[in-house]
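# Observations on chain architecture
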Amino acid sequence: MIKKYLKNIRYKKALKRYFAPSQEFMDKNKVIFLETLKAKIPASNLQIEGLHKNKRMQYAYIYAIAVFFLAAGSVAYADKADVSPTHPLYELKRVSEKIQLSALPKVKEAELHEKFAKRRVDEIKEVKNKIKEADSEEKINKLQSRGKLNELQNDFIQETEAIGDDIPAQEVKKGKTQELCKIGIEAVDDDQDLNKQPNWMKFRRFCDKILEKEEDGIIKENKERGSFLDKNSKIREKVGIKPI
Amino acid sequence: MERLFKKEDLNELANKLKKGDQVAGGKVFDYFSPLIFRFFVARTSNRHISEDLAQDVFLKIVNKIDSFDEEIGDFTSWVWQIARNTLIDYFRSKKESTFTDVPQDLENIYKTEEYLIEKIKFNEILEVVKEFNEDEQEIFSLHYISDLSYKEIAKMTGKSEGALRVFVHRINKKIKEVINS
């Protein structure tokens, strides 16, 4: 009974396969069908219809795209023009910096951190100048300059510290940090409020240490050079040549 | 590709087709094309004629798609009605039907099938089908070959589902007699 049933199914399948169309015909006929469809009902109808159907969604989509491109353009502008912290596009400049950092390999990141740390120093100077130029306390508050200065100061510290994470070579790292310490201290030195910030005080101690080492190194080098010059002049004297 | 769509899905595809959606068009073609072709081959016994008729059906679908209304009936019934009318028109113009290209195609099946089918027996089945009356041949092609349900065939032919079951039972009996002889 089962054998007969299976036999029946087998023949049924064979019949279907026998009556099936060839792939060549299917492909050819499909092209003809779709081309006829295209000629009779252009696809543009579909888009227009779609726009009417979900009008709100379509406009929201277009708006989102426009905002995206506008924002992308603004970010690029804010970064390229290096806008000041009081500029409306300043936050976009910072966004751009984050994007640049995330797109680079670790080793290259150090260069950017250095660049951004220098930017923060320039910004601190710029804001400080604006405070000096401002003729009323109200104006200063309006610009939020004091708050901005603290933020910029902390950001500068962070950028400088980040260089240490990204540069493996100790000497290069030390050289870059020393340079940043110098310009940072120079920018903040005359501001009592900024100098009293706990983070800055800690950073300052760190800077003093590495700058001291540098100074020691220079003194030591000069001493060695001096002794060499002394020896050299003595030899010159001996052979009758004028000292340098 | 076959039997992948529900009635509602096909109606939705039809509505997209009305708007010129190429993707929907492709899906409609992939689904219906083999079924309709098999129906034509089973009825005309000629592959070349079946290809022409199938092509004709799809051109009619494009030309008449605006007249499709899902409130009146579903898309499957609408398409099959076009296929059936196309075949009726063909028979009106040419009444003869013979399995002219059977031997050549059978050779291919015997080579590709995993299991061997006795060539003579297969021919016998086709000979039996040829002896069916017009209604039986139509139901054989729609139910046996194109896999349409009783419900779908009933909508197309106007016969009740009960009457169709009787027809199919009779067809099955005749075919089984050949297979098991």
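Residues numbered from 1 in each chain as written. Chains lettered and ligands numbered in written order. Predicted model: local features only at pLDDT ≥ 70, side-chain atom pairs only at ≥ 80, totals over all residues. Heavy atoms only, no water.

### Digging into the overall build of chain A
Looking only at helices and strands, one finds eleven helices and zero strands in chain A. Ordering the α and β elements of chain A from the N terminus gives α-α-α-α-α-α-α-α-α-α-α. Sorting the 244 residues of chain A into buried and exposed places 30% on the buried side. When contacts within chain A are restricted to residue pairs at least 6 apart in sequence, long-range pairs at least 24 apart make up 60% of them. (Helix = DSSP H or I, 4+ residues; strand = E, 2+ residues; numbered from the N terminus. Buried < 20%, exposed > 50% of the residue type's maximum accessible area, 1.4 Å probe, protein only. Contact = heavy atoms within 4.5 Å.)

### Digging into the overall build of chain B
On a plain count of helices and strands, chain B comes out with nine helices and zero strands. Along chain B, helices (α) and strands (β) appear in the sequence α-α-α-α-α-α-α-α-α when read from the amino end. Evaluated residue by residue, chain B yields a buried proportion of 52% over its 181 residues. Within chain B, contacts between residues at least 6 apart in sequence are counted, and of these 67% link residues at least 24 apart.

### Thoughts on the confidence of the model for chain B
All names here are of chain B. On average, residues of chain B score 79 in pLDDT, and 80% of them reach the 70 mark or higher. Model confidence for chain B, summarised as mean pLDDT per element, is weakest for helix α5 (residues 102-112) at 46 and strongest for helix α3 (residues 47-64) at 90. With pLDDT under 50 throughout, residues 97-115 is counted as low confidence; its partners more than four residues away or in other chains account for 40 contacts. Taken over the whole predicted complex, pTM reads 0.46, whereas the ipTM for its chain interfaces reads 0.72. (pLDDT = per-residue confidence, 0-100.)

### A few points about the packing of helix α4 (residues 75-93) of chain B against helix α8 (residues 150-157) of chain B
Packed helices, taken two at a time, are described by the angle between their axes plus the distance between the axes. Residues and elements named next belong to chain B. Two elements in contact, α4 and α8, have axes separated by 9 Å at closest approach and are oriented at 55°. Considered as vectors, α4 and α8 are oriented oblique to each other. In the crossing of α4 with α8, the sense of the turn from one axis to the other is right-handed. On α8, the residues touching Thr76, Ser77, Trp80, Gln81 and Arg84 of α4 are Glu152, Lys155, Met156 and Thr157. Each residue belonging to the contact of α4 with α8 can be placed in one class, and the counts come to two nonpolar, four polar and three charged. (Axes fitted to C-alpha atoms, helices over the stretch in contact; angles between N-to-C directions. Parallel < 35°, antiparallel > 145°, perpendicular 65-115°, else oblique. Left-handed = near helix turned anticlockwise from the far one by under 90°. Nonpolar A, V, L, I, M, F, W, Y, C, P; charged D, E, K, R; others polar.)

### Thoughts on the packing of helix α2 (residues 22-44) of chain B against helix α7 (residues 134-145) of chain B
Residues and elements named next belong to chain B. Remark: α2 packs on α7, axes separated minimally by 9 Å, with the N-to-C direction vectors making an angle of 145°. The element α2 and its partner α7 pack so that their crossing is right-handed. Here α2 contributes Arg38, Phe39, Ala42 and Arg43 to the contact with α7, which in turn contributes Glu134, Gln137, Glu138, Phe140, Ser141, Leu142 and Ile145. A per-class count over the contact of α2 with α7 returns five nonpolar, two polar and four charged.

### Comments concerning the state of the cysteines
Residue and element names in this part refer to chain A. Evaluated as defined, the whole model comprises one disulfide over all chains. Between the sulfur atoms of Cys181 and its disulfide mate Cys207 the distance is 2.0 Å. Between Cys181 and Cys207, the S-S torsion sits near -75°, and that sign places the bridge as left-handed. Remark: Cys207 occurs in helix α11 (residues 198-239) and Cys181 occurs in helix α9 (residues 170-188); sequence separation between them is 26 residues. (Disulfide = S-S within 2.5 Å.)

### Quick word on the packing of aromatic side chains
All names here are of chain B. Overall, the coordinates contain 17 aromatic pairs over all chains when judged by the stated rule. Ring centres 5.8 Å apart and planes at 80° place the aromatic pair Phe32 and Phe75 in the edge-to-face group. Placement of Phe32 in helix α2 and of Phe75 in helix α4 is noted, with a sequence separation of 43 residues between them. Plain terms: the ring middles of Phe132 and Phe140 are 6.1 Å apart, the flat faces sit at 75° to each other, and that makes the pair edge-to-face. Classification of Phe132 by relative accessible area gives buried; the value is 5%. Exposure remark for Phe140: the relative accessible area of 1% places this residue in the buried category. Among the aromatic residues, ring-to-ring pairing joins Tyr31, Phe32, Phe68, Phe75 and Trp78 into one connected group. (Phe/Tyr/Trp six-rings, centres within 6.5 Å; stacked < 30°, edge-to-face > 60°.)

### Considering α7(B)
Residues and elements named next belong to chain B. Taking 1.5 Å of rise per residue, the twelve residues of α7 would be expected to cover 16 Å, and the 15 Å separating its terminal C-alpha atoms lies within 8% of that figure. For α7, the tally of buried residues reaches ten of twelve residues, placing the bulk of the element in the interior. Buried residues of α7: Glu136, Gln137, Glu138, Ile139, Phe140, Ser141, Leu142, His143, Tyr144 and Ile145, and no others. Here α7 starts with a cap whose side-chain oxygen sits 3.1 Å from the backbone nitrogen of Asp135, and that cap is Asn133. Residue Asp147 follows α7 closely and has a positive phi angle near 65°. (Expected span 1.5 Å × (residues − 1). Polar contact = N/O pair within 3.5 Å; in protein donor to acceptor, adjacent residues only side chain to side chain.)

### Some words on the nonpolar core
In this structure, B:Phe32, B:Ile36, B:Phe40, B:Ile61, B:Phe75, B:Trp80 and B:Phe140 are the most contacted members of the largest nonpolar core, which totals 65 residues. With twelve residues, α2(B) is the single largest residue contributor to this core. Those residues within four positions of B:Phe40 in sequence are excluded, and the remaining contacts are B:Ser45, B:Ser50, B:Leu53, B:Ala54, B:Val57, B:Ala83, B:Thr86 and B:Leu87. Within the second largest apolar cluster, 22 residues are counted, among which are A:Ile124, A:Val127, A:Leu180 and A:Cys181. (Core = buried A, V, L, I, M, F, W, Y, C linked by side-chain atoms within 4.5 Å.)

### Thoughts on unusual backbone geometry
Residues and elements named next belong to chain B. Phi is positive for Asp147, close to 65°, though the residue is something other than glycine. Inspection of the secondary structure puts Asp147 in the loop between α7 and α8. Among the residues examined, Asp147 registers a relative accessible area of 26% and is labelled partly exposed.

### Some remarks on the side chain of A:Gln153
Within the secondary structure layout, A:Gln153 lies in helix α8 (residues 145-166). Not counting chain neighbours up to four residues away, the residues in contact with A:Gln153 comprise A:Ile124, A:Val188, A:Leu194, A:Gln197 and A:Trp200.

### Structural notes on the pattern of salt bridges
Counted by the stated rule, this structure contains 22 salt bridges over all chains. The salt bridge partner of B:Asp66 is A:Lys40, with a shortest N-O separation of 4.0 Å. Here A:Lys40 lies in helix α2 (residues 23-40) and B:Asp66 lies in the loop between α3 and α4, a pairing that spans two chains. For B:Asp66, a relative accessible area of 56% gives the class exposed. (Salt bridge = Lys/Arg side-chain N within 4 Å of Asp/Glu carboxyl O.)

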